[in-house]
Amino acid sequence: MKKKVICVCIMATFLIALFSNMYLEIQYDINILEYFKKTKDLTKEEKMWLTEHEKIIYGSDNNSPPLRYINEKNGQYSGLIVDYIRALSIELGIEIEYKPLGWWDQSLKSLNNKEVNFLDLIPSEKRGKSYDFSDPIYNLSGVILVHKDENEITNYNGLKGKSVAVPKGDYAVEFLNSKVKNINYILTPNLISAIRYLKEGQAQAVVGDEPVITYLINEMNLKDDYKILENPMYRQDCVFAVPKSEKILLSIINKGIFSLKKKKTMFKIQQKWFGIAAPFARENTSGKISLLILIFISIILLIIYISYSWNNTLKEEVDKRTEELVLSRNRLQTTFDSLTHLMIVVDKDHNIISVNEAFCRFLQLDKDEIIGQNCIEFKDIVYGHGIEYIIENTFYTGKQYNQEFKYKNKIFNISTFPLDDNTNNILNVLIMVKDITKLKLSERKMLQENKMAAIGQLAAGVAHEIRNPLGLIRNYCYILKNNLDDEEKVKKSIDVIEISVQKSSDIIDNLLNFSRISSNEYEKINMRNFITKLIELEKNTLKKNNIDYKIVCSKDIICYANQESLKHIFLNLISNSIDALTNGGLISIELNKKGNMLLIKFSDNGTGISEENLENILNPFFTTKQCGKGTGLGLYIAYNEIQKHGGNITVKSKLGVGTTFYIDIPLREGADEKIK
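Here is a short report on the structure shown in this document. (Residues numbered from 1 in each chain as written. Predicted model: local features only at pLDDT ≥ 70, side-chain atom pairs only at ≥ 80, totals over all residues. Heavy atoms only, no water.)

### Quick word on the pairing of strand E14 (residues 342-346)
Thought 1: Burial within E14 is extensive, with 5 of its 5 residues counted as buried.
Thought 2: The two faces of E14 match: Leu342, Ile344 and Val346 on one face and Met343 and Val345 on the other face are all buried.
Thought 3: The pairing of E14 with strand E18 (residues 426-435) spans 5 bridges and is classified as antiparallel. The residue of E18 that forms the bridge with Met343 is Met432.
Thought 4: Looking at chain direction, E14 and strand E15 (residues 352-355) are connected through 3 bridges and run antiparallel. Residue pairing across strands places Val345 opposite Ser354, the latter belonging to E15.
Thought 5: In this antiparallel pair of consecutive strands, E14 and E15, the connection spans 5 residues, and His350 shows a positive phi of 65°. (Buried < 20%, exposed > 50% of the residue type's maximum accessible area, 1.4 Å probe, protein only. Helix = DSSP H or I, 4+ residues; strand = E, 2+ residues; numbered from the N terminus. Pairing = 2+ DSSP bridges.)

### A word on the side chain of Glu46
Thought 1: The residue Glu46 is located in helix H3 (residues 44-52) in this model.
Thought 2: The buried category is assigned to Glu46, whose relative accessible area is 5%.
Thought 3: Not counting the four nearest positions on each side in its chain, Glu46 is found in contact with Ile248, Ser251, Ile252 and Lys255. (Contact = heavy atoms within 4.5 Å.)

### Thoughts on the pattern of salt bridges
A side chain with one charge can pair with a side chain of the opposite charge if their charged atoms come near.
Thought 1: Overall, the coordinates contain 17 salt bridges when judged by the stated rule.
Thought 2: Residues Lys255 and Glu46 are paired through a salt bridge, measuring 3.1 Å at the closest nitrogen-oxygen approach. With Lys255 in helix H9 (residues 247-262) and Glu46 in helix H3, the pair connects residues that are 209 residues apart, well separated along the chain.
Thought 3: Between Asp120 and Arg68 there is a salt bridge, with its nearest N and O atoms 3.1 Å apart. A residue pair is termed long-range when its members are at least 10 positions apart, and Asp120 in strand E6 (residues 119-121) and Arg68 in strand E3 (residues 68-70) qualify at 52 residues. Accessibility classification places Asp120 together with Arg68 in one group, the buried group. (Salt bridge = Lys/Arg side-chain N within 4 Å of Asp/Glu carboxyl O.)

### A short note on the sheet that holds strand E22 (residues 585-594)
Thought 1: Read from one edge to the other, the open sheet built from 5 strands follows the order E20-E22-E23-E25-E24, with strand pairing classed as mixed. In the strand order of this sheet, the two ends are held by strand E20 (547-552) and strand E24 (648-654), each with one partner. Between one strand axis and the next, the sheet turns through 10° on average, direction left out of account.
Thought 2: With 8 bridges joining them, strand E23 (residues 597-604) and strand E25 (residues 658-666) adopt antiparallel strand pairing. Bridging across to E25, Ile600 finds its partner in Ile663.
Thought 3: Docked against the sheet, helix H19 (residues 563-580) engages E20, E22, E23 and E25, running at close to 20° with respect to E23. (Axes fitted to C-alpha atoms, helices over the stretch in contact; angles between N-to-C directions.)

### Section: the packing of helix H4 (residues 80-92) against helix H10 (residues 265-274)
Thought 1: In the contact formed by H4 and H10, the axes pass within 10 Å of each other and the chain directions differ by 140°. Classified by chirality, the crossing of H10 by H4 is right-handed. Residues Leu80, Asp83, Tyr84 and Ala87 of H4 touch H10, and the partners they reach there are Thr265, Met266, Ile269, Gln270, Lys272, Trp273 and Phe274.
Thought 2: Of the residues belonging to the contact of H4 with H10, the class tally is 7 nonpolar, 2 polar and 2 charged. (Left-handed = near helix turned anticlockwise from the far one by under 90°. Nonpolar A, V, L, I, M, F, W, Y, C, P; charged D, E, K, R; others polar.)

Written as structure tokens, this is what we have:
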């Protein structure tokens, strides 16, 4: 066994060395020895050149999207080649400045005049007389664009005698002159102008770089009226060109190119711009196919040798995984069945495919009697009350939904959860039904207890308010006894007594209305009158503490809401403001209507709340008051009641300046007088 392993290792080492050499020749046109030579650091001469030149300049045209162009949104020089130059700058550790130029012909002139250090182009024998060329960096195709009804031009030979628009200085002109005679060239600043000549009928074809033409006809919405001939005119390597005098710069650039090739930087940049790596990929297809065939044969031989042992290992692993999956499934089912909430899983047709034991016990049925049935068979508990719609919406939107409903004198909450596969397709929906009757009763009890605590605070003020009219009644009763013959005094005394009795009655009614346990129904409420009555309850306390109040409401605003909830919300805010106004001050309540929302601004100019405490004031049991003066539940309950109304509450405060609460609640205009 050991000999076989050693033999396999030797063969593998030999094959790896062989395939590595072949790969380097295919990928980089070098063997292993040359590879190690090119990976060496910059020479002293090259480093000295870089020291003398703080930056080098790349110049090219600025209107060949997506290769290089000026981005209209930010005015930056952008494009695939610009990104490659940026990567080259980082790789070499030198600053490369971009110099966007107008025409392509201007770019060549700038390089001839040494206004720029290098640019990218397709090399040719003619250009080789003026420039030195780097290693290839990307591959570019030249194509022909014609009208979709053009049938005479099928390849570049069909351009003979035709008017052809092409950017001045483009390699396509040099190529066509070597292949076809008598072409009437229309030299343009760029491909955009060339395509316009074609649109206006002044040219019968446009030739140029494939990615630029493809990009432009899409941007100009011409792809339905014009076509690119299927077979490209040419497919050539593109290189960086430098003046003949810059041999050292060329050597530096080549080392950077080689390093970027190893990192497949061009492929990554192409993926950023196109999402693919094909348009500029330089592929030696035949060489790679040969290499792949050799690798494939070698792998087959190795696979044959180790397949038996591998299959045995794989079989053991599959058996182990299967056992783990079965165990995991059983554990999940046990957990599912042990939950006390009612759990149901349904498919897109609302057929039940799984339930837990709690659901079976609730209905007093076996799983076999439930699974396979449609939800409609179990009305009121998993269907009806609009539940069918939230199930359907969960399948449609993939979101969770919650809804409360009554069933057999109990209150339940139903929640839906999408169950999707690894492609995010929703296959089933999990329905969870919880009995929240006790929770609702606890909430209601907590609200009433908090209200009764507020009533205790109101008692002293109400007693004082009633004592005043009672004193008037006593005084005028005395006057009546002693002045029965004076008709005017009798009439005046009776009027005062009636007014005092009515005032006492109003005070008691207001207190009783606040203290009573109201229903959970929504009622039609005039908000200005409602808040005015609440202020009346606290009027004596406000006066005693030297606190003024202001209610700003330009017109009556009708809101459909739960009166008990609103009482708690506002009495709690008023009570908190009174505690904050230790030296007197002002409470301001502003009511406004915006669209279908009631906007409430509740302000005081009291001591304010610190930033640290501001984050916690809506949390349960949080209070800054002294022991025995606050439970920390007032604002928490107020927050929850506002949430139940579909509204929101926010607060801003500054120490020594005051506090403002912002509340918005839906008006629910157009609803019935009672909304259940």
